[in-house]
Structures are given as structure tokens and as C-alpha cells.
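Next come the chains, spelled out residue by residue.
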Amino acid sequence: MPSHKLRADRARRPATPDLRTLEHLDQTHQEIIEVLARLHLLIEKLDVRGTDDGVRHLALDICRFFDNTARPHHAAEEAVVFPDLLASGDAELIQNVQRLQQDHGWLEEDWLELAPHLRAVANGQSWYDIDLLREAVPVFSELYRDHIALEEGVVYPAARRRGELRPAQPAHQES
């Protein structure tokens, strides 16, 4: 029997994030910018060609990216990057992080408006609203670009400076 007991009433600390997390998040930002360009291209192609095979595949790829990469990316930022910065006591940094959290909500709302139309395109259905897409895609793209600029210009560097994103240490295990 070990000479000590784990304290059940002790708050559990979150796992120390791996430094590679920020590198991965940075890479995802580049991918988002590329997919936003493809989203604009999709609108152009819809105007010219309608929903041919190439357009349907492009729409499907865009939907998969936002569902499987961009949205989980936001969740990772909320779980790994933001909590320590919000507890930093730095009023300006906290305000910037809160703005990013608000952006995540708006980006989610925008995606939930765009996604059904893009899925209709991906499925070769004709009920999508091209006027909605023409209007909403530039707003979505601009918000994403501003959001990424704030993260990469202010928030990620602050996280790196604070040393909150460092290599994970192996857990010490007793036998």
C-alpha cells in the first residue's frame, strides 16, 4: 500500500499542453486562409458552371474542412490557449481573448448559416441560395482573417511569452 493517498478533494489540473499545439494551430490558420480562397472560388464557379462534379467535390471538401478541422481548432484554442490567458490579470490580453471567444461564436453562427447551402451544392441539389452565399461568404472570410490576425499577432505570442505552452512533461508514476 502506498504511503500516501490521492486527495479526492484536490482540483485536478488540466494536462500541460504540448508546444507543438501552437505550431499545429498556426498551421491550421494557413489552411483556413487557403480554404476561404477556395470558398470564394466555389461561388465564382457556381455562377459560371452550376453544380457540376468539380463544384460538388469542392463544396464537399470545404464542408469537411470546416466540420472536421476548423471547428475543432476553435475548441482546441478554447481549451488549451485561452484559459491561462484569461487568468493572467492582463486586462488588454483578457479583452483580446474575450473578443476571440466572441468571434468563435460568430464564426459558428455564420458556418451554421452557410453549411446547409454548401451541403446542398455538394449533394447536387439546386435549392441552395446563391445570393445568400455571395453575401455571407465575404463576411465570413473577413471575420476569419481579422480573427486569425489577432490570434497570430497578439494572443499566440503572449501565450508563448508566458511559457504556458511548453512541452508536456511525462507524469511521475509511483509503484
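Everything here concerns the structure above.
This section reports on the structure supplied with the text. (Residues numbered from 1 in each chain as written. Predicted model: local features only at pLDDT ≥ 70, side-chain atom pairs only at ≥ 80, totals over all residues. Heavy atoms only, no water.)

1. With respect to the packing of aromatic side chains
Considering all chains together, one arrives at six aromatic pairs under this definition. Ring plane angle 85° and centroid distance 5.2 Å describe the contact between Phe140 and Tyr144, whose orientation is recorded as edge-to-face. Taken together, the residues Phe140 and Tyr144, both in helix 4 (residues 130–162) and four residues apart, mark about one turn of the helix. Comparing Phe140 with Tyr144 shows no difference in burial state: the two are buried. Through a chain of ring-to-ring contacts, three or more aromatic side chains come together here, namely Phe65, Phe66, Trp111, Phe140 and Tyr144. (Phe/Tyr/Trp six-rings, centres within 6.5 Å; stacked < 30°, edge-to-face > 60°. Helix = DSSP H or I, 4+ residues; strand = E, 2+ residues; numbered from the N terminus. Buried < 20%, exposed > 50% of the residue type's maximum accessible area, 1.4 Å probe, protein only.)

2. Things to note about helix 2 (residues 53–86)
The first and last C-alpha atoms of helix 2 sit 46 Å apart over 34 residues, in line with the 50 Å expected at 1.5 Å per residue. Of all the bends in helix 2, the largest measures some 35° and sits at Phe66. For helix 2, the N-terminal capping position is held by Asp52, with its side-chain oxygen 3.2 Å away from the main-chain nitrogen of Gly54. (Expected span 1.5 Å × (residues − 1). Bend = angle between axes of the 7 residues up to and from the residue. Polar contact = N/O pair within 3.5 Å; in protein donor to acceptor, adjacent residues only side chain to side chain.)

3. Considering the nonpolar core
Counting residues in each nonpolar core, the largest one holds 32 residues, and the members touching the most others are Leu42, Phe66, Leu118, Phe140 and Tyr144. For this core, the elements supplying multiple residues, two or more each, are helix 1 (20–49), helix 2, helix 3 (91–122) and helix 4. Formed by 13 residues, the second largest nonpolar core is a distinct cluster that contains Val81, Leu85, Leu100 and Ala159. (Core = buried A, V, L, I, M, F, W, Y, C linked by side-chain atoms within 4.5 Å.)

4. Overview of the side chain of Asn96
You can see Asn96 is positioned in helix 3. You can call Asn96 buried: its relative accessible area is 14%. Look past the residues within four positions of Asn96 in its chain and what remains in contact with it is Leu150, Val154 and Val155. (Contact = heavy atoms within 4.5 Å.)

5. Some details on helix 4
When the terminal C-alpha atoms of helix 4 are compared, their 46 Å separation across 33 residues agrees well with the 48 Å that a helix rising 1.5 Å per residue should span. Along its length, helix 4 reaches its greatest deviation from straightness, about 40°, at Glu151. Looking at where helix 4 begins, the residue whose side-chain oxygen comes 3.0 Å from the main-chain nitrogen of Asp131 is Asp129. Positive phi shows up at Gly163, right after helix 4, with a value of about 70°.

6. Regarding the pattern of salt bridges
When the charged atoms of two side chains with opposite charge come close together, those side chains can pair. Going through the model one piece at a time under the given rule, you end up with nine salt bridges. Between Asp61 and Arg38 there is a salt bridge; the shortest N-O distance is 3.6 Å. Taken together, the residues span a long stretch of sequence, with Asp61 in helix 2 and Arg38 in helix 1 at a distance of 23 residues. Of the charged contacts, one joins Arg119 and Asp67 as a salt bridge, the two residues approaching to 2.3 Å between their closest N and O atoms. (Salt bridge = Lys/Arg side-chain N within 4 Å of Asp/Glu carboxyl O.)

7. Looking at the environment of Leu86
Along the polypeptide, Leu86 turns up in helix 2. Classification of Leu86 as partly exposed rests on a relative accessible area of 28%. Expressed as a C-alpha distance, the spacing of Leu86 and Asn96, which sit 10 residues apart in the sequence, is 9.3 Å. Sequence-distant contacts of Leu86, that is, excluding residues within four places in its chain, are made with Ile94, Val97, Gln98 and Gln101.

Geometry only, nothing functional implied.
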